[in-house]
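Remarks on the overall topology
Spelled out from the first residue to the last, the chains are:
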Amino acid sequence: MAETTAKPNPASPPLPSWPDDVYRILKEAGVKQVAMVPDAGHSRLIRAFDADPETRLVTLTTEEEGVAMLAGAWLGGQRGVLLLQSSGVGNCINMLSLPAICHMPLLMLVTMRGDWGEFNPWQIPMGQGTQASLEAMGVIVTRADTPDDVAPTVWGAANLAFNTWRPAAVLIGQRVLGAKNFKELARK
Amino acid sequence: MTNPNALLHRRDVVNELLRDRGDILVIAGLGAPNWDVSAAGDHANNFPLWGAMGAAAMMGLGLALAQPKRKVLVITGDGEMLMGIGSLATIAVEKPPNLTIAVLDNERFGETGMQKTHTASGVDLAGMALAAGIRTSQTVRTMEQVTEIRDLAHQGKGTVFALMKINPEALVFTLPPADGVILTTRFRQSVLGDEALYN
């Protein structure tokens, strides 16, 4: 009979604090609408917004809905953020015309796949194409590849987006999030 | 007496939806719905799209959530709605009481040579909206029904979806400003006041 009591793994790193820092930065930036297609890397931030009565958390069927929704929010005087995985960036391409041509702020926080330590080959094409796709559509892209770098990078992108009325994206690297391995899960 | 089999004329529909428009906010989908809304009168409270196909309904949602005391009316076409079809599910979940989506359904891609859209083959957008959970979802075939939708849009007592079956007529274009910054700035200035220019 296997031991079923969960024990903390001494090798596990402490829970990262960057999602809490990002939540605080987005609150200070005045974010009122949060549009998202969930990603595991965003789960802690999503829980924080879900518990926040001052923000509206909207689950999308596809990421480009969020680009349009936040354009509408801006027309009505509210700031927002779009939380998505790198695969969802590909879904947004034509919709990014909207903030580009209208000079609207758009803040995108992108958790990366197809990046450091990826095990799933199907994630590679979009993951490797994420930054180039965003830049091709005029989005200002910055990257965070260490936990300590996430909050300052988000702070910088939020200020860029909301003070200069541009689309800006932060790519949160897989090295921050940890690489999954379904092959290990399949063996368990 | 209206012949229920006669298709509605798109500009009659839009003129009626925008009759005595008050302070209602309008998002117009790209193509003919943009020209129809502009033909009814260019207005700072209109945001007519020239691109971003599939955006109209979701822009309406973001605007309706940001401005809960204002009424928001999305006027778009069947092709544009089909491209953003998932947004009906998202909007049904959020249920903003101040959002009406009116789809002008000529069963055609009008700007590209009048090719048939899926609605020409029986895809029922009003049924899809209803099944998504937008309880007030109607197919509109008479001007009396258009007036009912106009009144519901101005009342703002629940999310409304209306599929207007219109004649596939090609009309003279009436163009609003094309520059996105002009459209955005004048809309925000109208809704938010001069403060919008400084923030």
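Residues numbered from 1 in each chain as written. Chains lettered and ligands numbered in written order. Predicted model: local features only at pLDDT ≥ 70, side-chain atom pairs only at ≥ 80, totals over all residues. Heavy atoms only, no water.

All names here are of chain B. On average, residues of chain B score 96 in pLDDT, and 97% of them reach the 70 mark or higher. Taking the mean pLDDT of every element in chain B, the minimum, 96, falls on strand S5 (residues 108-109) and the maximum, 99, on helix H3 (residues 56-66). What the predictor reports for the complex is a pTM of 0.94 with an ipTM of 0.97. (pLDDT = per-residue confidence, 0-100. Helix = DSSP H or I, 4+ residues; strand = E, 2+ residues; numbered from the N terminus.)

The next subject is the packing of helix H3 (residues 63-75) of chain A against H3 of chain B. Two numbers describe a pair of packed helices, the interaxial angle and the distance between the axes. Packing of H3 of chain A against H3 of chain B brings their axes to within 6 Å, and their N-to-C directions diverge by 40 degrees. Classified by the angle between their axes, H3 of chain A and H3 of chain B sit oblique to one another. Here H3 of chain A runs over H3 of chain B; the crossing is right-handed. Contact residues: H3 of chain A offers Glu-65, Ala-68, Met-69, Ala-71, Gly-72, Ala-73 and Leu-75 of chain A, while H3 of chain B offers Met-58, Met-59, Leu-61, Gly-62, Leu-63 and Ala-66 of chain B. A breakdown of the residues in the contact of H3 of chain A with H3 of chain B according to their chemical character gives 10 nonpolar, two polar and one charged. (Axes fitted to C-alpha atoms, helices over the stretch in contact; angles between N-to-C directions. Parallel < 35°, antiparallel > 145°, perpendicular 65-115°, else oblique. Left-handed = near helix turned anticlockwise from the far one by under 90°. Contact = heavy atoms within 4.5 Å. Nonpolar A, V, L, I, M, F, W, Y, C, P; charged D, E, K, R; others polar.)

This part is about the interface of chain A and chain B. Contacts between the two partners involve 26 residues from chain A and, on the opposite side, 29 residues from chain B. Overall, the association of chain A and chain B removes approximately 2,100 Å² of surface from exposure, summing both partners, and the carbon and sulfur fraction of that is 65%. Put simply, chain A and chain B have one salt bridge between them. For Arg-56 of chain A, the salt bridge goes to Glu-94 of chain B, with nearest N and O atoms at 2.9 Å. The tally of links from chain A across to chain B stands at six residue pairs in polar contact (both at pLDDT 80 or more). Among the secondary structure elements, those contributing two or more residues to the side of chain A that touches chain B are strand S2 (56-59), H3 and helix H5 (97-102) of chain A. The biggest single contributor to the side of chain A that touches chain B is H3 of chain A, with eight residues. Of the residues that constitute the side of chain A that touches chain B, the class distribution is 15 nonpolar, nine polar and two charged. (Buried area = accessible area lost by both parts, 1.4 Å probe. Salt bridge = Lys/Arg side-chain N within 4 Å of Asp/Glu carboxyl O. Polar contact = N/O pair within 3.5 Å; in protein donor to acceptor, adjacent residues only side chain to side chain.)

To continue, consider the pairing of strand S7 (residues 136-140) of chain B. Residue and element names in this part refer to chain B. Direction of pairing for S7 relative to strand S8 (residues 160-165): parallel, over a ladder of five bridges. Among the inter-strand pairings, Thr-136 is bridged to a residue of S8, identified as Val-160. With helix H7 (residues 143-155) bridging S7 and the parallel S8, this β-α-β connection has right-handed handedness. (Pairing = 2+ DSSP bridges. Right-handed = clockwise from strand over helix to strand, strands pointing away.)

We now examine empty space enclosed by the protein. A complete count under the given rule lists two cavities of 30 Å³ or more for this structure. Its boundaries defined by the atoms lining it, the largest cavity holds a volume of some 50 Å³. Lining the largest cavity are Trp-74, His-103 and Trp-165 of chain A together with Thr-184, Thr-185, Arg-188, Gln-189, Ala-196 and Leu-197 of chain B. Broken down by element, the lining of the largest cavity gets its largest block of residues, four residues, from helix H8 (residues 180-192) of chain B. Of the residues assigned to the lining of the largest cavity, the class counts are four nonpolar, four polar and one charged. Forming the walls of the second largest cavity are Leu-70, Trp-74, Gln-78, Gly-80, Pro-105, Leu-106, Leu-107 and Phe-162 of chain A. When contributions to the lining of the second largest cavity are tallied by element, the ones reaching two or more residues are H3 and strand S4 (106-111) of chain A. Among the residues making up the lining of the second largest cavity, the classes are represented as six nonpolar, two polar and no charged. (1 Å grid on protein atoms, 1.4 Å probe; cavity = no way out; pocket = protein on both sides within 12 Å on 5 of 7 lines; lining within 4 Å. Points joined across faces, edges and corners; volume = space filled by probe spheres on them.)

All right, on to the confidence of the model for chain A then. Taken as a whole, chain A shows an average pLDDT of 92; of its residues, 91% reach a score of 70 or greater. The model gives residues 1-6 of chain A a pLDDT under 50, and that stretch makes zero contacts with residues more than four places away or in other chains.

Another aspect to go through is the packing of aromatic side chains. Each aromatic ring pair is summarised here by two numbers: the centre-to-centre distance and the angle between the ring planes. Tallying each qualifying case throughout the model produces five aromatic pairs over all chains. Consider the rings of Trp-74 of chain A and Trp-165 of chain A, whose centres lie 5.7 Å apart with planes at 70 degrees: the pair is edge-to-face. Here Trp-74 of chain A is found in helix H3, whereas its partner Trp-165 of chain A is found in the loop between helix H7 (147-164) and strand S6 (167-172), with 91 residues between them in sequence. By relative accessible area, Trp-165 of chain A is classed as partly exposed at 23%. With a centroid separation of 5.1 Å and 25 degrees between ring planes, the pair formed by Trp-35 of chain B and Phe-173 of chain B is classed as stacked. (Phe/Tyr/Trp six-rings, centres within 6.5 Å; stacked < 30°, edge-to-face > 60°. Buried < 20%, exposed > 50% of the residue type's maximum accessible area, 1.4 Å probe, protein only.)

Attention now moves to the pattern of salt bridges. This model, assessed by the stated rule, comprises 18 salt bridges over all chains. Between Asp-52 of chain A and Lys-27 of chain A there is a salt bridge, and its shortest N-O distance comes to 2.6 Å. Of this pair, Asp-52 of chain A sits in the loop between helix H2 (43-50) and S2 while Lys-27 of chain A sits in helix H1 (residues 18-28), and the two are 25 residues apart along the sequence. With a shortest N-O distance of 2.6 Å, Asp-36 of chain B and Arg-10 of chain B are connected by a salt bridge.

Here we come to the nonpolar core. Looking at soluble globular proteins, one finds that nonpolar side chains tend to be buried together. Met-108 of chain A together with Phe-47, Met-59, Ile-101 and Phe-161 of chain B are the most contacted members of the largest nonpolar core, which has 62 residues in total. For this core, the element with the most residues is H3 of chain B, which contributes eight residues. What Met-59 of chain B contacts, discounting residues up to four positions off in sequence, is Ala-68, Met-69, Ala-71, Gly-72, Leu-75 and Leu-98 of chain A together with Ile-27, Phe-47 and Leu-49 of chain B. Within the second largest apolar cluster, 28 residues are counted, among which are Met-36, Ala-151, Val-170 and Val-176 of chain A. (Core = buried A, V, L, I, M, F, W, Y, C linked by side-chain atoms within 4.5 Å.)

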